[in-house]
Amino acid sequence: MKFHLPASTHHTNSLRIFLTTCVCLFPWAPALSATPIEQDPKGFYGSLWGHSLQDRSDLKEIDSLDSMHIYTIKLGPPLLGSIKLESVKLYTVDGKYARALFHYQGETIHKSLLQYLKNQFGKTDDPYGSMMRGLSQQYTWRGPDTEITLTYHGFRERGILTVEGRIYTPLFLDALSDSSH
């Protein structure tokens, strides 16, 4: 005995699968459209990916959770080039430098930081490498070892710069999921 679905049910199921796929892929859209990094730095903020931050005299540990340790600078606000940012957190997993997270405020700082990143890692062309939704902007650069994402929310005038070692990101995500139970 064969069971046949009416054509409308088959069409509805196909549409559901298509829409589910689109919704699942939507968060990845900025990463998939990343601007290639012209010269991958293989690290950021004075350290190479995978190296320990424990012996850097300019840093202090501010938090730890199992295999993850979080550092920040000891004195003053963080600088990228001559741009003064609000804060920085540098993350290690299993003693290996994996991520840098910077917070900043203000449109002037955002424009300066965007220009700095374009000069360092390659010019972005809208919309290639960027995503804009209303007052939110996101720019992504990707190299073989490094991924850089700059996100700015214009309404609140707040921004986040995330720089990650691509091969260490899965370790970072594993450490977060292990500690979330």
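Scroll up to find the structure this text is about.
Residues numbered from 1 in each chain as written. Predicted model: local features only at pLDDT ≥ 70, side-chain atom pairs only at ≥ 80, totals over all residues. Heavy atoms only, no water.

Some words on the overall build of the chain
Then comes step 1: The secondary structure content of the chain amounts to four helices and 13 strands.
Then comes step 2: A burial count over the chain gives 38% of its 181 residues as buried.
Then comes step 3: For the chain, long-range pairs separated by at least 24 residues make up 53% of all intrachain contacts whose partners lie at least 6 apart in sequence.
Then comes step 4: Counting every atom, the chain has about 11200 Å² of accessible surface; 57% of that belongs to carbon and sulfur. (Helix = DSSP H or I, 4+ residues; strand = E, 2+ residues; numbered from the N terminus. Buried < 20%, exposed > 50% of the residue type's maximum accessible area, 1.4 Å probe, protein only. Contact = heavy atoms within 4.5 Å. Areas by Shrake-Rupley, 256 points an atom, 1.4 Å probe, with all protein chains shown as cover.)

Brief notes about unusual backbone geometry
Then comes step 1: Unusually for a residue other than glycine, Asp94 sits at a positive phi of about 55 degrees.
Then comes step 2: Tracing the sequence through the fold places Asp94 in the loop between strand 8 (87–93) and strand 9 (96–105).
Then comes step 3: One non-glycine residue with positive phi stands out, namely Glu157, at about 55 degrees.
Then comes step 4: Note on placement: Glu157 falls in the loop between strand 12 (146–153) and strand 13 (158–165).

Brief notes about the pattern of salt bridges
Then comes step 1: If you walk through the whole model with that rule in mind, you get six salt bridges.
Then comes step 2: For Asp145, the salt bridge identified is with Lys42, shortest N-O distance 2.9 Å. Taken as a pair, Asp145 in the loop between strand 11 (136–142) and strand 12 and Lys42 in the loop between strand 1 (35–36) and strand 2 (43–44) lie far apart in primary sequence, 103 residues in all.
Then comes step 3: Overall, the relative accessible area of 25% leaves Asp145 in the partly exposed class.
Then comes step 4: Since its relative accessible area comes to 45%, Lys42 is described here as partly exposed. (Salt bridge = Lys/Arg side-chain N within 4 Å of Asp/Glu carboxyl O.)

Some details on the packing of aromatic side chains
Then comes step 1: Going through the model one piece at a time under the given rule, you end up with six aromatic pairs.
Then comes step 2: Between Phe44 and Phe102 the ring centres are 5.9 Å apart and the planes differ by 80 degrees, which places this aromatic pair in the edge-to-face class. Here Phe44, found in strand 2, pairs with Phe102, found in strand 9; they are 58 residues apart in sequence, far enough to count as distant. Taken as a pair, Phe44 and Phe102 share a single burial class, namely buried. (Phe/Tyr/Trp six-rings, centres within 6.5 Å; stacked < 30°, edge-to-face > 60°.)

Examining the side chain of Thr146
Then comes step 1: Tracing the chain through its elements places Thr146 in strand 12.
Then comes step 2: Its relative accessible area of 0% is what places Thr146 among the buried residues.
Then comes step 3: Only 2.6 Å separates the side chain of Thr146 from the side chain of Asp40, close enough to count as a polar contact. (Polar contact = N/O pair within 3.5 Å; in protein donor to acceptor, adjacent residues only side chain to side chain.)

Regarding the pairing of strand 5 (residues 68–73)
Then comes step 1: The buried fraction of strand 5 is high, at five of six residues.
Then comes step 2: The antiparallel hairpin formed by strand 4 (residues 59–65) and strand 5 contains two residues in its connecting segment, where Asp66 sits at a positive phi of about 55 degrees.
Then comes step 3: In this sheet, strand 8 lies alongside strand 5 in antiparallel orientation, the contact comprising four bridges. Within strand 8, the position partnered with Ile70 by the bridge is Tyr91. (Pairing = 2+ DSSP bridges.)

Notes on the pairing of strand 11
Then comes step 1: One ladder, built from two bridges, connects strand 1 with strand 11; its direction is parallel. Pairing of Thr35 across the sheet is with Trp141, part of strand 11.
Then comes step 2: Two elements, strand 11 and strand 12, share seven bridges in a ladder whose sense is antiparallel. Its bridge partner being in strand 12, Gln138 is matched across the sheet by Thr151.
Then comes step 3: Hairpin geometry of strand 11 and strand 12 is characterised by an intervening segment of three residues between the two adjacent antiparallel strands.

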